[in-house]
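# Summary of the model geometry
The lines below spell out each chain.
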Amino acid sequence: MPHPLPRPLEIAPSGPLSGTAMVPGDKSISHRALMFSALAVGESRIEGLLEGEDVLATAAALRAMGADIARGEDGVWIVNGVGVGGLLQPDQAFDMGNSGTSTRLLMGLVASHPITATFIGDASLSKRPMNRVIEPLSLMGADITSSPGGRLPLMVRGLCPAVPIDYTLPVASAQVKSAVLLAGLNTPGITRVIEPVATRDHSERMLRGFGAELSVEETNRGRIISLTGEAELKPQSIVVPGDPSSAAFLVVAATIVPGSDILVMNVGLNPTRAGLFEALRMMGADITNENPRIVGGEPVADLRVRHAPLRAIDVPPHLAPSMIDEYPVLFVAAAFAQGRTVARGAHELRVKESDRIAAMAAALGSCGVDVEEFEDGAAIMGNGGGPIAGGAMIASQLDHRIAMSMAVAGLAAKNALTIDDVSPIATSYPMFLETLGALKGTESVAAS
């Protein structure tokens, strides 16, 4: 997929943010809702699906393998699945764009079906190693040929029947866990994944909801997830909660911009995803859960966020898996705290859409913030709540979370900063800039 022409954007300092905002549907849940619906026999309905580029790439790949997927005029997505084992041979390569989640999970799906699929992606995705998924899927019998370094383009030749495995995750990764479980759906016997550190559990929750035989056992080795293969999934009606990773940017923005008071509606608060909000509260953020409820088996609430002075903390390492995607915007919050915040335990940040540790260190450093890099995180010296210098050109590295994080930082800078390319934001939060503009009381954040 060719990357669009760069879209630079100037972010000017902001007055108080106020009002109510909706965030797009949870990206992780949206991917899984489409995949499990495609493997069920019959019609599933999905409300609140994230319609960003990453999720649409997943939908396109599933259509190419025989699933009937369509969006109704009311915004509800209807999926008529082919059943576990019923995927068809695709006619052409899957273009995954920038979506690592689509790639890794679909590799698992293909691995235990008698089909061959080729995966390609944009320049950013093609730099990301896939070895952590290739290893377990190869153990199950899939034949995977990749570009040097385990990168895209790559080809997966599935094996049917595949071989069930007991696999201990070498690093905390919900994507690897989910890829193995997806392969296990069409594998005879019991596939087990052992995760020494718990990761987001959307796959387990949703698989149970679709009728899969799945158990989770807490042991001294970690969580053991056991899935009985050759499953028969039943169609479901799914309501996707708001994405906490998207809400994170608005929450931090309201926290650091003086005088702000906003309400972010319908945010998913799965404990395996809510680490950032816990860390921010430890730093003194004023975040209140209003109208807590359960939607589709997932805890949800509306978040009331008011500006508050922040103090530095050492982020507890056990929070890392539940906030791995939110580290860039946590670094932004830390830049406005009193004292030196240390956030470690996040080696995975080095192999995301960009090297997010290096990218954020460079971005914040160019805005006058003192950042010390570690292999697994960073230490950020905060400025005590005043504005950061700003006035820099920010390299987003084709990474949506770097672009959004620095857009938030720019709202509380002395001088306007420019992000070199905000087009990657469309992969996960197409209306982000419009939402920020509405909270500012303007039509847009800045002129591009």
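Here is a short report on the structure shown in this document. (Residues numbered from 1 in each chain as written. Predicted model: local features only at pLDDT ≥ 70, side-chain atom pairs only at ≥ 80, totals over all residues. Heavy atoms only, no water.)

Turning our attention to the packing of helix 7 (residues 244-256) against helix 8 (residues 275-282). Across the interface, helix 7 lies against helix 8 with an axial gap of 10 Å and an inter-helix angle of 25 degrees. If you check the angle between helix 7 and helix 8, you find them roughly parallel. Every residue of helix 8 that contacts helix 7 at Pro244, Ala247, Ala248, Val251 and Val252 is listed here: Leu276, Phe277 and Leu280. Considered class by class, the residues forming the contact of helix 7 with helix 8 number eight nonpolar, no polar and no charged. (Axes fitted to C-alpha atoms, helices over the stretch in contact; angles between N-to-C directions. Helix = DSSP H or I, 4+ residues; strand = E, 2+ residues; numbered from the N terminus. Parallel < 35°, antiparallel > 145°, perpendicular 65-115°, else oblique. Contact = heavy atoms within 4.5 Å. Nonpolar A, V, L, I, M, F, W, Y, C, P; charged D, E, K, R; others polar.)

With an omega dihedral of -5 degrees, the bond running from Leu152 to Pro153 counts as a cis peptide bond. When you line up the elements, Pro153 lands in strand 9 (residues 151-157). Of note, the phi angle at Glu230 is positive, near 55 degrees, even though the residue is not glycine. With respect to the helices, strands and loops of the structure, Glu230 is situated in the loop between strand 13 (222-228) and strand 14 (237-239). When its relative accessible area of 53% is taken as the criterion, Glu230 is described as exposed. (Buried < 20%, exposed > 50% of the residue type's maximum accessible area, 1.4 Å probe, protein only.)

Orientation of helix 1 (residues 27-38) relative to helix 6 (residues 202-209), taken along the N-to-C sense of each, is 35 degrees, at an axis distance of 10 Å. The chirality of how helix 1 crosses helix 6 is right-handed. Contacts between helix 1 and helix 6 involve Ser28, Ile29, Arg32, Ala33 and Phe36 on the former and, on the latter, His202, Ser203, Met206 and Leu207. When its residues are assigned to classes, the contact of helix 1 with helix 6 shows five nonpolar, three polar and one charged. (Left-handed = near helix turned anticlockwise from the far one by under 90°.)

The next point concerns the packing of aromatic side chains. One pass over the full model with this rule turns up five aromatic pairs. With a centroid separation of 6.0 Å and 65 degrees between ring planes, the pair formed by Phe36 and Phe210 is classed as edge-to-face. With Phe36 in helix 1 and Phe210 in the loop between helix 6 and strand 12 (214-219), the pair connects residues that are 174 residues apart, well separated along the chain. Classification of Phe36 by relative accessible area gives buried; the value is 2%. Three or more aromatic residues joined by ring pairs form one cluster here, namely Phe249, Tyr429 and Phe432. The cationic tip of Arg344 hangs over the ring face of Phe374; the distance from NZ or CZ to the ring centre is 4.0 Å. (Phe/Tyr/Trp six-rings, centres within 6.5 Å; stacked < 30°, edge-to-face > 60°. Lys NZ or Arg CZ within 6 Å of the ring centre and 35° of its normal.)

Counted by the stated rule, this structure contains one cavity of 30 Å³ or more. The wall of the largest cavity is formed by Asp26, Ile29, His202, Pro241, Pro244, Gly268, Leu269, Asn270, Arg273 and Glu298. (1 Å grid on protein atoms, 1.4 Å probe; cavity = no way out; pocket = protein on both sides within 12 Å on 5 of 7 lines; lining within 4 Å. Points joined across faces, edges and corners; volume = space filled by probe spheres on them.)

This part covers the layout of surface pockets. Reported here for the largest pocket is a volume of approximately 550 Å³. Lining of the largest pocket is provided by 34 residues; of these, Ala172, Ser173, Ile324, Glu348 and Lys352 occupy positions nearest its centre. If you list the elements that add at least two residues to the lining of the largest pocket, you get helix 1, helix 3 (100-111), helix 5 (174-185) and helix 11 (400-411). The leading source of residues in the lining of the largest pocket is helix 1, at four residues.

Turning to the pattern of salt bridges, a few remarks are in order. Counted according to the given criterion, the structure contains 23 salt bridges. Measuring nitrogen to oxygen at the nearest pair gives 3.1 Å for the salt bridge that ties Asp243 to Arg273. Here Arg273 lies in the loop between strand 15 (261-268) and helix 8 and Asp243 lies in the loop between strand 14 and helix 7, a separation of 30 residues in the sequence. By the burial criterion, Asp243 is buried, and Arg273 matches it. Of the charged contacts in the structure, one is a salt bridge between Arg306 and Asp261, with a shortest N-O distance of 3.9 Å. A residue pair is termed long-range when its members are at least 10 positions apart, and Arg306 in strand 17 (residues 298-306) and Asp261 in strand 15 qualify at 45 residues. Owing to a relative accessible area of 27%, Arg306 belongs among the partly exposed residues under this scheme. Taking relative accessible area as the criterion, Asp261 reaches 27% and is therefore assigned partly exposed. Look at the salt bridges and you will find they share partners, linking Lys177, Glu195, Glu204, Glu218 and Arg223 into a network. (Salt bridge = Lys/Arg side-chain N within 4 Å of Asp/Glu carboxyl O.)

For helix 7, which comprises 13 residues, the first-to-last C-alpha distance of 18 Å matches the rise-based estimate of 18 Å (1.5 Å per residue) to within 8%. Among the 13 residues of helix 7, 13 are classified as buried, and the element is accordingly described as predominantly covered. Among the residues of helix 7, the N-terminal cap falls to Asp243, whose side-chain oxygen and the backbone nitrogen of Ser245 are separated by 2.8 Å. (Expected span 1.5 Å × (residues − 1). Polar contact = N/O pair within 3.5 Å; in protein donor to acceptor, adjacent residues only side chain to side chain.)

In this section: the pairing of strand 11 (residues 190-195). Strand direction decides the pairing type here: strand 10 (residues 166-168) and strand 11, joined by three bridges, are parallel. Of the residues in strand 11, the one forming a bridge with Tyr167 is Val193. Remark: the strand 10/helix 5/strand 11 crossover connection has right-handed handedness. Taken together, the six bridges between strand 11 and strand 13 define a ladder with antiparallel strand orientation. (Pairing = 2+ DSSP bridges. Right-handed = clockwise from strand over helix to strand, strands pointing away.)

By the secondary structure assignment, Arg128 is in the loop between strand 7 (116-120) and helix 4 (131-139). Overall, the relative accessible area of 4% leaves Arg128 in the buried class. Distance in space between the C-alpha atoms of Arg128 and Thr168 is 22 Å, their sequence separation being 40 residues.

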